[in-house]
Amino acid sequence: MSIRATIVLALLLAILCAAYWALTRREIETVRRTIEARRLADFTAENVCRITVRPADGPTVAAERDAAGAWRITEPLGGIPADQARWNGLAANMAALLSARIIDEAPADLARFGLDAPTLIVGAETADAARLSVAFGKMEPIQVNRYARVNDGAVVLISDRSFLRLNRSLRDLRDRRIFSFAPDAVRRIEFARLWDGRGEAPAAFRHSRESGNPANEAPGETPPLGTELGRVAVVRNTAEGPWQVVEPVEAPADQDRVAALLQELPNLTGDHYVDQPEDLSDYGLNPGWARLTLAGDGDAAETLYLGAADLAGDGGLFAKRADQESVCLLDPYFVNFLPLTRTHFRDARLITRPVRGLNALRYVSREDEFILQKDPDLGWRLVSPPADQTDQVAVSTLIGELVRMTALDFPVGAPEDFGLNDPDVALWLGFEGESDMVQIGFVGGPEGRDACFATQDTGAVVLLPEEALAAIRRSSDDLESFELMRFSKEHAVKLAIAIEARQVVIENRAGVWQVALPADHVLQNQSDARLLLDALSPLKAEADLVVPEDLAVYGLDRPVLTVTVEVILPEQPGYVAALGPLFVGAPAHEQPRTRYAMLSGRDGIYLIGQDVLDRVREALRGVRPAPR
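Predicted model, so just to flag it, every value in this text is computed and none were measured.

Some details on the sheet that holds strand β3 (residues 71–75)
Thought 1: Strand order in the open sheet made by the 8 strands is β3-β2-β1-β5-β6-β7-β8-β4, with antiparallel pairing throughout. In this open sheet, the two edge strands, each paired with only one partner strand, are β3 and β4 (101–104). Sheet twist, expressed as the average angle between the axes of neighbouring strands with direction ignored, equals 25 degrees.
Thought 2: Strand direction decides the pairing type here: strand β5 (residues 120–126) and strand β6 (residues 131–139), joined by 6 bridges, are antiparallel. Bridge pairing in β6 places Val122 opposite Val134.

Take a look at the structure:
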């Protein structure tokens, strides 16, 4: 193809593209003009400053928008908070209303369109006096559009979807949220029981003058209505910070319980509003039996008063915001999250600190005393009295018992009032980053109650189940490990066994166990080697005894079984460690299914099960002369 032909084709392509673009723009412009011709409003949503909604089956609702863009309900009453999103949606829908087509320019009979008694009338106004009023009648026969009259003039068809977006009641358009705070913005939660004149004022909820509570009536006096009989308050400094109880006492808070209430409050909405209550006493709100206050940074706070249950109606709970005249009904379920007792928000765990930071423990009872320290590499070690090995499982069990303990109650009083200055069991706990150890004490509880007293790691007195005291009783013997052997079976490379005058040595050569001694023997099955390893690791004694002067008493001068295990240490390439030898002697005098044993490098005589010897014998049956 010549260059001239190529240029001509390129020009033709450019002309076609330009023509296509022009046609597309023309179609788009035609569609835009068509839509604009059907648009009923000559203003944008941002220009709307007043909207009125008149449903046929409810009160007229009107709202105005201030210079900052916030909507304020003016009808049926002022002071009703507006749902800003819903009112902005009304403004946007009014500005976007389209006419499907004109039905009658000058209607003489409105009844045929259902417009003599409109289902809904919506009006919108702007600051520069532009207005749009739309009255909706009945549906057209094909049930897609509705008849509507625009500005008391022509009858047109408008999409039923537009009608549904505009058909809002006062319930829809008011802000029914009880609290406007987002959970992360709350810095203080305060709940107070109020004296409403019913029953007897509970003395347990009264504060002293030192706590700042104005009510300090003498016993027998009736406090004034509305007096706070008790207050629970928790605070936090930041959204990520921990909650702390500050009233009625200063104490760590139960983070889960506070979080559960915070997550419930955004979903708390009012319903069945009474906007002009004649007498708040009819709703149990003069003064109410409790108040709940949320506060954020600065002085921002919102308070809710709780009243009587609606026994004759929907079963809700009457309530009232302090800054609003309206009374509403709430779902009473949220009361389950409120701190109805003075200790509800307190951290009831005996150990409130992170247990991962625990690195020392001293235990003192009337029977025994011991000290545990945590080594970063070796784990827990019994340092007093000293032990060759410490049972890590036993230590973890003890710590687990402490961690699981939760208070039944927080008795009022000093530790000495409950005998905790001379406890039956005392523990001192050391935590990383703390210079002083924390003391926890246990003492038997009051007669007639299945409980005991203890001190929390905060120093507070707590009431625990009676079995808690028994659960933490320990002796140093309970924590000493009687584990004689434990090794990684994958890293074992040699077993040397002497049993009843028979000498056997097997070695792991390139992953295969082979007999090294006797020289003319073989191992019939690799599973026999596994049986030997399983018998020796882990090898745990059942008890230990004092080392006697004469080993012959225990048959350890001439042991029945002697075992040495060699293992490679992956962390030290090329190094082989020898474990043992382990010596197994005569059957125990009073326990024939156990035998006396001794491990080189460990003090003491131990009792091990007869099954260890039986399993070694069984495995060695697989060591036989090599076939000729």
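Considerations on the side chain of Thr293
Thought 1: The topology assignment puts Thr293 in strand β14 (residues 290–295).
Thought 2: According to the relative accessible area criterion, Thr293 is buried, its value standing at 11%.
Thought 3: Among the polar contacts listed, one links the side chain of Thr293 to the side chain of Thr303, at a separation of 2.8 Å.
Thought 4: With residues up to four places along the chain from it excluded, the contact list for Thr293 reads Arg188, Ile189, Glu190, Ala301, Glu302 and Thr303.

Notes on the sheet that holds strand β19 (residues 369–375)
Strand pairing in a sheet is mediated by backbone hydrogen bonds. Such pairs are either parallel or antiparallel.
Thought 1: Strand order in this open sheet of 7 strands is β20-β19-β18-β21-β22-β23-β24, and the pairing throughout is antiparallel. Each end of this open sheet is capped by a strand with a single partner; those strands are β20 (379–384) and β24 (461–465). Neighbour-to-neighbour, the strand axes of the sheet open up by a mean angle of 20 degrees, direction not taken into account.
Thought 2: With 5 bridges connecting them, strand β21 (residues 425–431) and strand β22 (residues 438–444) associate as antiparallel partners. Bridged to Leu429 within β22 is Val438.
Thought 3: Packed onto the sheet, helix α6 (residues 392–404) meets β18 (358–365), β19, β20, β21 and β22 and runs at close to 95 degrees relative to β20.

Points about the side chain of Thr227
Thought 1: With respect to the element layout, Thr227 can be found in the loop between β9 (188–194) and β10 (228–235).
Thought 2: Within the local environment of Thr227, its side chain forms a polar contact with the backbone oxygen of Pro224, the two atoms lying 2.6 Å apart.

Notes on the confidence of the model for the protein
Thought 1: Across the protein, pLDDT averages 88, with 92% of residues at or above 70.
Thought 2: Across residues 30–36, confidence stays below pLDDT 50; counting only partners more than four residues off in sequence or on other chains, it has 1 contact.
Thought 3: Counted against residues more than four places away or in other chains, residues 204–218, with its pLDDT under 50, gives 31 contacts.

Considering the pattern of salt bridges
Thought 1: Applying the stated criterion to the full structure yields 33 salt bridges.
Thought 2: As a salt-bridge pair, Arg509 and Glu507 come within 3.1 Å of each other at their nearest N and O atoms.
Thought 3: On the basis of relative accessibility, which here comes to 35%, the residue Arg509 falls in the partly exposed class.
Thought 4: When its relative accessible area of 23% is taken as the criterion, Glu507 is described as partly exposed.
Thought 5: Across the pair Arg593 and Asp614 runs a salt bridge whose closest N-O atoms are separated by 3.5 Å. Taken together, the residues span a long stretch of sequence, with Arg593 in the loop between β33 (576–587) and β34 (594–599) and Asp614 in helix α10 (residues 610–620) at a distance of 21 residues.

Focus on the packing of aromatic side chains
Thought 1: Scanning the model with the defined rule gives 10 aromatic pairs in all.
Thought 2: Between Tyr333 and Phe337, the aromatic rings sit 5.5 Å apart at their centres with planes inclined by 75 degrees, giving edge-to-face as the arrangement.
Thought 3: Measuring from centroid to centroid gives 4.7 Å for Tyr363 and Phe370, while their planes differ by 5 degrees, and the two rings are stacked. Of the two residues, Tyr363 and Phe370, both sit in the buried class.
Thought 4: Over the ring of Trp428 we find Arg362; its NZ or CZ atom is 4.6 Å from the centre of that ring.

Quick notes on the pairing of β3
Thought 1: Note that strand β2 (residues 61–65) and β3 share 4 bridges and pair antiparallel. Residue pairing for β3: Ala63 is matched across the bridge by Ile73.

Considerations on the environment of Ser481
Thought 1: Counting through the fold element by element, Ser481 comes out in the loop between α8 (476–479) and β25 (483–485).
Thought 2: The class for Ser481 is buried, based on a relative accessible area of 5%.
Thought 3: Sequence-wise, Ser481 and Gln389 are 92 residues apart; in three dimensions their C-alpha atoms are separated by 5.2 Å.
Thought 4: Dropping the residues within four chain positions of it, Ser481 is found in contact with Gln389, Thr390, Asp391 and Arg602.
Thought 5: In terms of polar contacts, Ser481 uses its side chain to reach the backbone amide nitrogen of Glu483, at 3.1 Å.

Some details on unusual backbone geometry
Thought 1: The step from Ser384 to Pro385 runs through a cis peptide bond, and the omega angle for that step is -10 degrees.
Thought 2: Summarising the element assignment, Pro385 is placed in the loop between β20 and α6.
Thought 3: A positive phi angle, close to 60 degrees, is found at Asp152, a residue other than glycine.
Thought 4: Within the secondary structure, Asp152 sits in the loop between β7 (145–150) and β8 (155–159).
Thought 5: Residue Asp152 is classed as exposed on the basis of its relative accessible area, which comes to 60%.

Things to note about the pairing of strand β35 (residues 605–609)
Thought 1: Counting buried residues along β35, 5 of its 5 residues qualify, which places the element largely inside the surrounding structure.
Thought 2: Of the two faces of β35, both are covered, the one formed by Ile605, Leu607 and Gly609 as well as the one formed by Tyr606 and Ile608.
Thought 3: As defined by bridge partners, strand β31 (residues 543–545) adjoins β35 across 3 bridges and the pair is classed as antiparallel. Directly across from Asp544, in β35, lies its bridge partner Tyr606.
Thought 4: Judged from the 4 bridges that link them, β34 and β35 form a sheet pairing that is antiparallel. Within β35, the residue paired with Tyr596 across the bridge is Leu607.
Thought 5: The turn linking β34 back onto β35 is made up of 5 residues, and Gly601 within it adopts a positive phi angle of 95 degrees.

What counts and how
Residues numbered from 1 in each chain as written. Predicted model: local features only at pLDDT ≥ 70, side-chain atom pairs only at ≥ 80, totals over all residues. Heavy atoms only, no water. Pairing = 2+ DSSP bridges. Helix = DSSP H or I, 4+ residues; strand = E, 2+ residues; numbered from the N terminus. Axes fitted to C-alpha atoms, helices over the stretch in contact; angles between N-to-C directions. Buried < 20%, exposed > 50% of the residue type's maximum accessible area, 1.4 Å probe, protein only. Polar contact = N/O pair within 3.5 Å; in protein donor to acceptor, adjacent residues only side chain to side chain. Contact = heavy atoms within 4.5 Å. pLDDT = per-residue confidence, 0-100. Salt bridge = Lys/Arg side-chain N within 4 Å of Asp/Glu carboxyl O. Phe/Tyr/Trp six-rings, centres within 6.5 Å; stacked < 30°, edge-to-face > 60°. Lys NZ or Arg CZ within 6 Å of the ring centre and 35° of its normal.

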